[in-house]
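# Examining the three-dimensional arrangement
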Amino acid sequence: MDTMAVEQNGINAVPERERHGRPRDLFWPWAGSNLSLFGVAFGVYVVGLGLGVVPAIVTGAVGYALSFLLVGLVAIAGTRSGVPTMTLGRAPFGYQGNKLPTLFSYVSNVGWEIVLVTLAAQSGAEIIQRLVPAWGAASTPITAVCFAVAAAVVIAVGVYGHQLIMVVQRYLTYAFIVLTVVYMVLMVPRLGTGSLETTSGAGGWVGGVIFAMTLLGLGWVNCGADYSRYLPTRSRARSVALWTTLGGALPPLVLLVFGVLLAGGDPTLAGQAGANPVAALAGALPTWFLVPYLLTAVGGFLAGAIMDIYSSGLSMLALGVPIRRHYAVLVDGLLMVLGGYYLLFVSTSFLATFQAFLAIVGVVMAAWVAIFLVDMWRLRAGGRGYDERLLRAGAPALNWQGVVSLVVASAAGLGLITSADPNIAGLVGFLMSDELKSGTFGTANIGVAIALVLAGLLYFAITAVARPRRVVTVGD
């Protein structure tokens, strides 16, 4: 297939004649999209929960693996049906009912696009100014230029679609692996374990796992089928799930371990990296490696943003917006530019807002994926699949079993998380006392896990009593 031809498929089922590739091809897009130096800061964040070296690494590994296993399971549905993730959500929620979780999915994707392109622009500007100190006074114009270039690259690749994304992500991953290894070798003298001790109890361990899940896989569950739907229907489900999980969890785990060891060996640098990873980590490098470092940092952010803008376009179509896929990407690109402008030139409090965004979206997406997977499992157990004849508008608008399960589980989950952002803190944690909020229970943000388990159990129980009509409506 021509990688430079604009993808014409929208949220329709991909015809079998257009399907190609092998499950192991899924490793590259997921590895590339998660192999950014922001992953080093994630290690610092997990340590900040009061965990020592071993607990931080163990909880991070478990959280990464569990959360991306969910993505891998969702990817199986894409291979079976040839349909994007959020469109398949019409099965458990109905044509209109599916718009609620799809809206959250869309906001999640666009939010990540904004964050990643903003970080790419900041990274480019800061390193360019270090290479050319005389340009220090022109920080705003340089940042604006870097932002414009980053946004243009993301939008262009997103417009061309699946084929180009798969190729770009593969070669970006090759380059990132080499450059990241060199970077880590240069930073070895700053690593250690001596200054880290475990100060939290069981709540810290639970919090580490849940926080790692929200940092990684729960932000991608709504995209799992988008990149597997071009695989042949005969592809082994186990291989689809395995390669998706390995690609998404393994590379960022290496970076998380590095961040944990950096916190143990150089707490000052780790603290700076937690707030601004690219600038802090660049300051510790020799000048000759700054250009390769710039490519690693910026490329990693752009790889994730490319995946997000492609999936957000598909989510827009699943919302029922009557527009072609590549035009949807352009609309998303405009929103990304506006949001990036706000973060770069207006906002003064990024980290707290970002963490609150992660937790809230993590709760809703955890509830959504539990319902989605229970529904998919029932289809498989019954020997049925997603019937393309039913993938059109006109079927039941609402499967109340899925919507009720999502709303109840999400409300319970939001009531059991906390936020450091004062503007958001009042909207969450309403099921906890002030004492619980300030203790390890509050730190753990247990609401994410509660939403995941509760949603699955509710949907299973309700549909066991009142089975929904087996209708999936997709339409484009």
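Residues numbered from 1 in each chain as written. Predicted model: local features only at pLDDT ≥ 70, side-chain atom pairs only at ≥ 80, totals over all residues. Heavy atoms only, no water.

### A closer look at a nonpolar patch on the surface
Residues V54, V58, V62, L66 and W205 make up a contiguous nonpolar surface patch of about 410 Å² in total accessible area. Considering every element that reaches the nonpolar patch, the biggest residue donor is helix α3 (residues 53-81), with 4 residues. Secondary-structure assignment places V54 in helix α3. (Patch = residues over 30% accessible without salt bridge, like charges linked within 9 Å, V, L, I, M, F, W, Y side chains within 5 Å. Areas by Shrake-Rupley, 256 points an atom, 1.4 Å probe, with all protein chains shown as cover. Salt bridge = Lys/Arg side-chain N within 4 Å of Asp/Glu carboxyl O. Helix = DSSP H or I, 4+ residues; strand = E, 2+ residues; numbered from the N terminus.)

### Side note on the nonpolar core
Ranked by size, the top nonpolar core spans 144 residues in total, and within it W30, Y183, Y293 and W368 carry the most contacts. If near-sequence neighbours (up to four positions away) are discounted, W30 is found in contact with F68, V71, W220, C223, G224, Y227, T244, G247, G248 and M307. (Core = buried A, V, L, I, M, F, W, Y, C linked by side-chain atoms within 4.5 Å. Buried < 20%, exposed > 50% of the residue type's maximum accessible area, 1.4 Å probe, protein only. Contact = heavy atoms within 4.5 Å.)

### Structural notes on the packing of aromatic side chains
Across all of its chains, the model carries 14 aromatic pairs by this definition. With a centroid separation of 5.5 Å and 40° between ring planes, the pair formed by Y227 and Y310 is classed as tilted. Remark: Y310 occurs in helix α13 (residues 290-318) and Y227 occurs in the loop between α9 (202-215) and α10 (237-265); sequence separation between them is 83 residues. Accessibility assignment for this pair places Y227 and Y310 in one class, buried. One aromatic cluster is present, built from ring pairs that chain together F27, W28, Y171, Y174 and W243. (Phe/Tyr/Trp six-rings, centres within 6.5 Å; stacked < 30°, edge-to-face > 60°.)

### Focus: the confidence of the model for the chain
For residues with low pLDDT, the predicted coordinates do not support detailed interpretation. The predicted model of the chain averages 84 in pLDDT, with 87% of residues at 70 or higher. Model confidence for the chain, summarised as mean pLDDT per element, is weakest for helix α19 (residues 440-443) at 62 and strongest for helix α16 (residues 400-414) at 94. Taken together, the stretch residues 470-476 has pLDDT below 50 and engages in 38 contacts with residues farther than four places along the chain or on a different chain. (pLDDT = per-residue confidence, 0-100.)

### What about empty space enclosed by the protein?
Throughout the structure, instances matching the rule amount to 2 cavities of 30 Å³ or more. Counted as a void, the largest cavity has a volume near 190 Å³. Within the residue set of the lining of the largest cavity, elements represented by two or more residues are α1 (27-34), α2 (38-47), α6 (99-131) and α13. For the lining of the largest cavity, the class distribution of residues is 9 nonpolar, 7 polar and 1 charged. Here the second largest cavity defines a volume of roughly 30 Å³. Sort the elements by how many residues they give to the lining of the second largest cavity and helix α15 (residues 351-381) lands first, with 3 residues. (1 Å grid on protein atoms, 1.4 Å probe; cavity = no way out; pocket = protein on both sides within 12 Å on 5 of 7 lines; lining within 4 Å. Points joined across faces, edges and corners; volume = space filled by probe spheres on them. Nonpolar A, V, L, I, M, F, W, Y, C, P; charged D, E, K, R; others polar.)

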